[in-house]
Structures are given as C-alpha cells and as structure tokens.
Amino acid sequence: IALFFYEQHNSKTQAEKPKGCKKLGMKIESNLANEFDANFSRGRPASTTETSAEWWRVKSMWIYPVKSCKGVELNHASIVTTGMEYDRQFTFAELKKPAQVTVPPGTTQLSPQHKWGFITQREFPKLATIKTEMWIPDFNSASYRPHDDDVEAGGVIIMSFPYQESGIRGKIAALGAKLFGKVPEKQFRVPFNPTPAQIEKAGYKQEHISIWKDTVTALNMELEIPDELRYYLGISNKLGLFRIDNSNLREVHRNAPKADDIGYQPVTGFQDAYPLHLINLCSVRDVERQMPKDKKTPRLSAQRFRANIISKYSSIVAWLYAFTNFNCSHWPRSIR
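Every chain begins its residue count from 1, and numbering advances along the sequence as written. Two thresholds apply to this predicted model, a pLDDT of at least 70 for residue-level local features and 80 or more for giving and counting side-chain atom pairs, whereas whole-chain, interface and lining totals are computed over all residues. Neither water nor hydrogens contribute to the side-chain values; these are computed over all heavy atoms in the structure.

## Structural notes on the overall build of the protein
Item 1. The secondary structure content of the protein amounts to eight helices and 17 strands.
Item 2. For the protein, with 336 residues in total, the buried portion stands at 44%.
Item 3. The contact criterion used is simple: two residues touch if any of their non-hydrogen atoms lie within 4.5 Å. Pairs at least 24 residues apart make up 69% of the contacts formed inside the protein by residues separated by at least 6 positions.
Item 4. The protein chains shown are the only cover counted for residues, whose accessible areas, like all others here, come from Shrake-Rupley with a 1.4 Å probe. Carbon and sulfur atoms form 53% of the exposed surface of the protein, whose accessible area is close to 19500 Å². Helical segments are the DSSP runs of H or I of at least four residues, strand segments are the runs of E of at least two, and each set is numbered from the N terminus. Relative accessible area decides the class of each residue, using a 1.4 Å probe on protein chains only: under 20% of the type maximum gives buried, over 50% gives exposed, and in between gives partly exposed.

Next comes the structure, spelled out in structure tokens:
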C-alpha cells in the first residue's frame, strides 16, 4: 500500500522529461568516492624532478547550474567566457522590502521600491538540498526534433526538493519512499535559455537583480516556481528565479587585469566573484587537520567548497605550470 501511494505521489510531482535531450553527469560513482584516501594528504614534492604528470591531474569537475543548489559532476567539460559551461547560469532571489528612511518634516520623497536580491545558503541553507539536472540537446536522441521547445531553448534544468503531501496519503507515501532509502520529492523544470518567442509566450520579464555590490538585468522566470518551494525554504517574501543575460554580464575588476592593459574586461555570470573556482584535495585535507576535533563532526568533503575543478595534489603553482604546458589557444581570452 505504501509503495502504491508513493508511485501515485511520483506521478503527480515528477516533471516531464525533456524531449530530444540527454542528461549531463557521471554514469558511474563519483570521482571523489576515495577523496579521503591518505595519499591525498601528501603535498607536492619540493623538487620538480620528483614530480610526474600525476601531480597535475584533475580529480573531479563540477558545474552548479543554479547558484547555491546541488551540483552536477562531469567527466568532461567546456570552458566559456563566463567560466565552466552551464555553471551558475541561474540564481534564486527574493523581493526585499526597502529599508526604512527617515526624512525631515515637510520634505517630499518618493517611496522606495522593493528590490530583487539574490539568495544563497548563507541565509537559506535548505538551498543545498535542491537537486539539479542539466539536460542538453542530443542529436542522437530518437526524440530529437530541431524545432521542439526543449531543443530550441538549449536544454532544460529540472529541479527537485523534498516535499510530502499533507494528510494520511502523504505519510503513507513517505513510508513507501523510505523503503527505497528516499524521501518524497516535487520536481519542476525551466528552459535553459529560452528564445524571444518562448519568453513572450511564457510571460517572463527582464528585471534588475542585485548580487553583492552589482546590479544587473536578468530574466525572471518566477512563473515556473511552485509555491511549495518557497514554503520549504522558509522564505516569506516573493521568490524569483533569474537567468543571466549574456549581453549584460558582470565585469570582474577585483584582482583582474584592466581592459586598458589587455583589451577586454573579464566577465562572469552569477558566480560570487570569478569565472572559475579551483581547489586541490591536499589543501582540503590540510584545512581538515586544523579544524577543531569533534566526534560529531563529519569528514570535510571537497564538495563543500563547491569548486569547478578539483585536482589531486597540486598547488596553484602547479596549475599555472600545467596551463602553460597545455595548448589553450582555443580558450576564450578572458580564461587564458
């Protein structure tokens, strides 16, 4: 009976699978399955004569299509102007109330407007439990049609979050999910990069959104968000879902070369600061060694740092060495 109710729950809450697309991601266990191996605690040999290609090798690669939500591990990836392809293209945001302003008596002032501000796990930690699936057009798919909506939109993102229906039916469905070691979920989907015609048909709007000290114009696709997600996250304000505007990207200035010097200014999407985030397992193990010891504290996984590229042992010096020995002439200039 529990399994029957669980299947009913799934049939109502699962998103339609994209047509003509394939899902990105690993088809085997994670490359980080052995990240706690003692070998990764060793540093790179001081002498370059003792250093082999193994020291520069990439251990794991990740994209996070929706900022602050769960990532997708890849076995190969492309670098574009904004960083890893498909990375941090979306962010959730809340419509924040304006700060109270005190004005002198008799002074006329326009009422401040509500503003969209991005949100992260810092304020809403349950964002970390939202799963993301990145589906991209696949010419080899039997259902591929060049003019299907999912294909024209450059793919689809499917998001899922824990959701249990109210009442006895929901409790029984939860019991059925438990038999599979799962929890009931609700899914919804959004087009990855909708065309102008799709934007008009769906009623999406271009609106201003603040991310740190920047304010950019991005596409608000809040119409696709189920109400249950706002309740799950614990957000009282209006919840939006924004996609970056490739014609209005954020420029990177801090610790970056200047346009006057190199002829262009590096750009990024909804990343916190920079297009790419690189770390190595050796450094993660070193941080773990210096953490206060507590029996209840879990091991420190490299996934918690939400990096795009995780190497085995190498330092940033090793990365620079590796990059200078790669033929990266085909990379965008802002990455080179």
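## Observations concerning a nonpolar patch on the surface
Item 1. Taken together, the side chains of L3, L179 and F180 present a nonpolar region at the surface, about 320 Å² in accessible area.
Item 2. Relative to the helices and strands, F180 resides in the loop between helix 3 (167–179) and strand 10 (185–191). Nonpolar side chains (Val, Leu, Ile, Met, Phe, Trp, Tyr) are joined into patches within 5 Å and like charges within 9 Å, using only residues with over 30% relative accessible area and no salt bridge. One side-chain nitrogen of Lys or Arg within 4 Å of one carboxyl oxygen of Asp or Glu is enough to make a salt bridge.

## Points about the sheet that holds strand 11 (residues 205–211)
Item 1. An order of 6-7-11-12-13 is seen for the five strands of this closed barrel, with the pairing classed as mixed. When strand polarity is set aside, the average angle formed by the axes of neighbouring strands in this sheet is 50°.
Item 2. Strands pair, by our definition, only if DSSP identifies at least two bridges between them. When strand 11 meets strand 12 (residues 214–220), the two strands line up antiparallel, connected through seven bridges. Bridging from a neighbouring strand, I211 pairs with D214 of strand 12. Axes here mean lines fitted to C-alpha atoms, for a helix over just the part in contact, with angles spanning 0 to 180 degrees between N-to-C directions.

## So, the confidence of the model for the protein
Item 1. Summarising the model, the protein shows a mean pLDDT of 87, and 85% of its residues fall at 70 or more.
Item 2. Summary of the metric used: pLDDT quantifies the predictor's per-residue confidence within the range 0 to 100. Low pLDDT, under 50, characterises residues 317–336; the stretch is placed with 33 contacts to residues that sit more than four places away or in other chains.

## Remarks on unusual backbone geometry
Item 1. Here S68, not a glycine, exhibits a phi torsion of approximately 75°, which is positive.
Item 2. With respect to the helices and strands, the residue S68 is situated in the loop between strand 2 (58–63) and strand 3 (72–74).
Item 3. Exposure remark for S68: the relative accessible area of 8% places this residue in the buried category.
Item 4. Phi at Y86 takes a positive value of approximately 80°, unusual for a residue other than glycine.
Item 5. Among the secondary structure elements, Y86 is positioned in the loop between strand 5 (83–84) and strand 6 (90–96).

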